[in-house]
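What follows is each chain in one-letter form.
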Amino acid sequence: MKPPVLLITAGPSREPIDDVRYLSNGASGRMGLAVAQVAAEKGWQVHLALGPVDAQIPAGVIHHPFETARDLDALTAQLWPQVDAFVATAAVCDYRPQERIPGKKKKAPGDWNLQLVRNPDILENRSKDKEDENGPRILVGFALESQAGEEEARRKAVKKNLDLVLCNSPGNLGVATGDYIWIEPGQPSIDLPAISKDLLAVKLMEFIGTQVTLRRGHRASMGNDESVSQQAQS
Ligand code: C5P
């Protein structure tokens, strides 16, 4: 029996300035690790693309370390054909230094204006190819907003073609418990105040399991493998 395949991105990206300096952020990868743990326990095949953080990889999870947004874009594109569901928890840097300076840049009189360029949006890129022969993949995103949170999260859900977006605030970075808003496009929002990332991961996998069962049911109705849908429900 072929288990359903889940791809998770987690942790920060790290964008080199020179050989010793970089741009990054304080993401811990905790949310993605919690989802990976629950999915692996359910018997899913789990690919965890994890940025540079210290973490214990849950048993049975396939670990893909990454550093830059561009590495992550290439890695997720390569895994994409086998993926049933994608949970993007990574805090990807939206900008990177235009060039990586070889060695260590020396101090010089005056200021230093670092030129930044846009990074690829991994979730948006993959969402352009949401559908495969089994129907649409299930896409879940996180929107970290400091203001006008819910409205902005709904806008991102549409732009990135998401089935679910979890809206949260910068205070949730790196901690075990946070306030979230659960938003399925076209449905009323659900507030999840002070929920642990472990419990949120369980709720997420219940949602994704149901959605993937529907997707695999579509495949079965087309005369393909039905055994996978039974696995997604368990
Ligand atoms: O940064 P933003 O609020 O747009 O992030 C929303 C979602 O998109 C998150 O799930 C994040 O992991 C994902 N994302 C991404 N690549 C980026 C920026 C964000 O995959 N460059």
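Here the structure is shown first, and the text comes after it.
This structure is a prediction, so every number in the text was calculated from the model and none was measured.

1. Comments concerning the pairing of strand β14 (residues 190-196)
Pairing geometry for strand β13 (residues 177-183) and β14, over 5 bridges, is antiparallel. From the neighbouring strand, Thr177 faces β14, where its bridge partner is Ser196. The antiparallel pairing of β13 with β14 creates a hairpin that spans 6 residues between the two strands, and Gly186 there sits at a positive phi of about 85°.

2. Re the nonpolar core
Of all hydrophobic cores here, the largest spans 32 residues; its most connected members are Leu6, Val35, Trp44 and Ile208. With residues up to four places along the chain from it excluded, the contact list for Ile208 reads Trp44, Ala85, Val87 and Val140. In terms of nonpolar packing, the next biggest core, distinct from the first, is built from 23 residues, Leu7, Ala49, Val83 and Ile183 among them.

3. Remarks on the pattern of salt bridges
Taken as a whole and assessed by the stated rule, the structure comprises 12 salt bridges. Arg215 serves as the salt-bridge partner of Asp84, at 3.0 Å between the closest nitrogen and oxygen. Taken together, the residues Asp84 in the loop between α2 (69-79) and β6 (85-88) and Arg215 in helix α5 (residues 197-221) connect sequence positions 131 residues apart. Accessibility classification places Asp84 together with Arg215 in one group, the buried group. Between Lys130 and Asp163 there is a salt bridge whose closest N-O contact spans 3.0 Å.

4. What to know about the sheet that holds strand β5 (residues 62-65)
With mixed pairing, 8 strands are arranged side by side in an open sheet as β5-β4-β1-β6-β11-β12-β13-β14. Both outer strands of the open sheet, β5 and β14, are each paired with one neighbouring strand and no more. Recorded for the sheet is a direction-independent mean angle of 20° between the axes of neighbouring strands. On top of the sheet, helix α4 (residues 149-159) reaches β11 (138-144), β12 (164-168) and β13; it is set at about 150° to β12, its chief contact.

What counts, and where the lines are drawn
Residues numbered from 1 in each chain as written. Predicted model: local features only at pLDDT ≥ 70, side-chain atom pairs only at ≥ 80, totals over all residues. Heavy atoms only, no water. Pairing = 2+ DSSP bridges. Helix = DSSP H or I, 4+ residues; strand = E, 2+ residues; numbered from the N terminus. Core = buried A, V, L, I, M, F, W, Y, C linked by side-chain atoms within 4.5 Å. Buried < 20%, exposed > 50% of the residue type's maximum accessible area, 1.4 Å probe, protein only. Contact = heavy atoms within 4.5 Å. Salt bridge = Lys/Arg side-chain N within 4 Å of Asp/Glu carboxyl O. Axes fitted to C-alpha atoms, helices over the stretch in contact; angles between N-to-C directions.

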